[in-house]
Amino acid sequence: MRKIITISRQFGAGGGELGRRTADALGIPLYNKDLILCTAKASAGLTPAQVRKWDERVPTSFGLTQSLFDFYNRPLSDKLWEAQVKAIREIADHESCVIVGRNADFILREFDHCLRVFVHADFEWRFERMRGMMEDTEPEKLRANIKAVDKARSAYCTHYTGRHYADATNYDLTLCTSLLGIDFALEEILRAAERV
C-alpha cells in the first residue's frame with residue numbers, strides 16, 4: 001500500500017531536511033523543488049522559469065483585471081495552481097513519496113493513505129539555524145527574508161485553500177523542532193508513518 005507523507009513548514013524550521021531524511025529512511029522518492037519541473041511539464045504553455053517565478057506566491061497586481069472565467073486569461077498563478085494540483089495527485093496515485101510544501105496536505109485531503117505533517121519552530125531558533133546555513137547574509141536581511149517567506153506561504157495557502165497553513169487542525173501531526181530537535185521530529189514522523 002502506498003504511503004504519502006506531506007510536510008508543510010515554516011521557513012527555517014527544518015521541514016526540507018525532515019522531508020529528505022524521511023524519504024531516505026523509508027526508501028521512497030522526495031518531491032520538493034523538483035515538483036516545480038513536474039508541474040511545468042504537466043501544464044501546457046508554462047515554462048520552468050514561469051513556474052519558478054510564481055512558486056508559492058500570490059500575485060498582488062498581475063492579472064487582477066483579467067476574467068477568472070477564461071482559462072487563458074487568468075493570472076499565471078491560477079494556471080500554476082491547477083497544474084500543481086494535477087501533478088501532485090498523479091504522483092500520489094502512482095507511488096509512495098514525501099512531498100514538501102506545495103499545499104499537498106490540502107490537495108491530497110481525500111487520500112486515506114496520507115500523513116499530513118506541519119513543522120514549526122520559534123523564530124529565533126529558525127533565525128540561528130538559517131544564519132548557520134547562510135553566513136554571507138546580513139542578519140537583518142535574513143530576519144526579513146524569514147518573515148517574508150512565511151508571509152508568502154501563508155498568503156498562498158489562504159488564497160488557494162481558504163485555510164491558514166499553521167492551523168494544527170489541518171494536519172495529523174505537528175512538530176516544534178526548536179523544542180524537540182530535528183532528530184526526534186524525524187523519529188516521530190517515521191513512527192506515525194507506520195500507521196498510514
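Rules used in this analysis
- Residues numbered from 1 in each chain as written.
- Predicted model: local features only at pLDDT ≥ 70, side-chain atom pairs only at ≥ 80, totals over all residues.
- Heavy atoms only, no water.
- Pairing = 2+ DSSP bridges.
- Helix = DSSP H or I, 4+ residues; strand = E, 2+ residues; numbered from the N terminus.
- Contact = heavy atoms within 4.5 Å.
- Axes fitted to C-alpha atoms, helices over the stretch in contact; angles between N-to-C directions.
- Buried < 20%, exposed > 50% of the residue type's maximum accessible area, 1.4 Å probe, protein only.
- Salt bridge = Lys/Arg side-chain N within 4 Å of Asp/Glu carboxyl O.
- Patch = residues over 30% accessible without salt bridge, like charges linked within 9 Å, V, L, I, M, F, W, Y side chains within 5 Å.
- Areas by Shrake-Rupley, 256 points an atom, 1.4 Å probe, with all protein chains shown as cover.
- Phe/Tyr/Trp six-rings, centres within 6.5 Å; stacked < 30°, edge-to-face > 60°.
- Lys NZ or Arg CZ within 6 Å of the ring centre and 35° of its normal.
- Parallel < 35°, antiparallel > 145°, perpendicular 65-115°, else oblique.
- Left-handed = near helix turned anticlockwise from the far one by under 90°.
- Expected span 1.5 Å × (residues − 1).

### Examining the sheet that holds strand β5 (residues 173–176)
- One open sheet accounts for five strands, arranged β2-β3-β1-β4-β5; its pairing is parallel. Sheet topology places β2 (30–31) and β5 at the edges, where each strand pairs with a single neighbour.
- In terms of strand pairing, strand β1 (residues 4–9) meets strand β3 (residues 97–100) through four bridges, oriented parallel. The residue bridging Thr6 from the neighbouring strand is Ile99, located in β3.
- Strands β1, β2, β3 and β4 (114–120) of the sheet are contacted by helix α1 (residues 15–26), whose axis makes an angle of about 165° with β1.

### Digging into unusual backbone geometry
- Of note in this structure, Arg102 is not a glycine but carries a positive phi near 65°.
- With relative accessibility at 1%, the residue Arg102 sits in the buried group.
- Positive phi, close to 55°, is recorded for Asn103, a residue that is not glycine.
- Position of Asn103 among the secondary structure elements: in the loop between β3 and α5 (104–107).
- Of the residues examined, Asn103 reaches a relative accessible area of 9% and is grouped as buried.

### Remarks on the pattern of salt bridges
- For the coordinates displayed, the defined rule picks out 12 salt bridges.
- A salt bridge links Glu17 to Arg129; the shortest N-O distance between them is 2.9 Å. Here the residue Glu17 occupies a position in helix α1, and Arg129 occupies one in helix α6 (residues 123–133), the gap between them amounting to 112 residues.
- Among the residues examined, Glu17 registers a relative accessible area of 24% and is labelled partly exposed.
- According to the relative accessible area criterion, Arg129 is buried, its value standing at 17%.

### Description of a nonpolar patch on the surface
- Together, Leu179, Leu180 and Phe184 make up a nonpolar patch on the protein surface, roughly 290 Å² of accessible area in all.
- Its place among the elements puts Leu180 in helix α8 (residues 177–180).

### Brief notes about the packing of aromatic side chains
- In the structure shown here, the tally under the stated rule is five aromatic pairs.
- One aromatic cluster is present, built from ring pairs that chain together Trp81, Tyr156 and Tyr160.
- The side chain of Arg109 reaches across the aromatic face of Phe106, ending 3.9 Å from its centre.
- Taking NZ or CZ as reference, Lys147 lies 5.5 Å from the ring centre of Phe123, over its face.

### Looking at the packing of α1 against helix α9 (residues 182–193)
- In the contact formed by α1 and α9, the axes pass within 10 Å of each other and the chain directions differ by 50°. One element, α1, and the other, α9, form an angle in the oblique class. Between α1 and α9 the crossing geometry is right-handed. Of the residues in α9, those touching α1 at Glu17, Leu18, Arg21, Thr22, Ala25 and Leu26 are Ile182, Asp183, Ala185, Leu186, Ile189, Leu190 and Ala193.

### Focus: helix α7 (residues 139–161)
- Relative to the 33 Å expected for 23 residues at 1.5 Å per residue, α7 spans 33 Å between its end C-alpha atoms, a close match to the ideal helical length.
- Backbone geometry just downstream of α7 places Gly162 in the positive-phi region, at approximately 75°.

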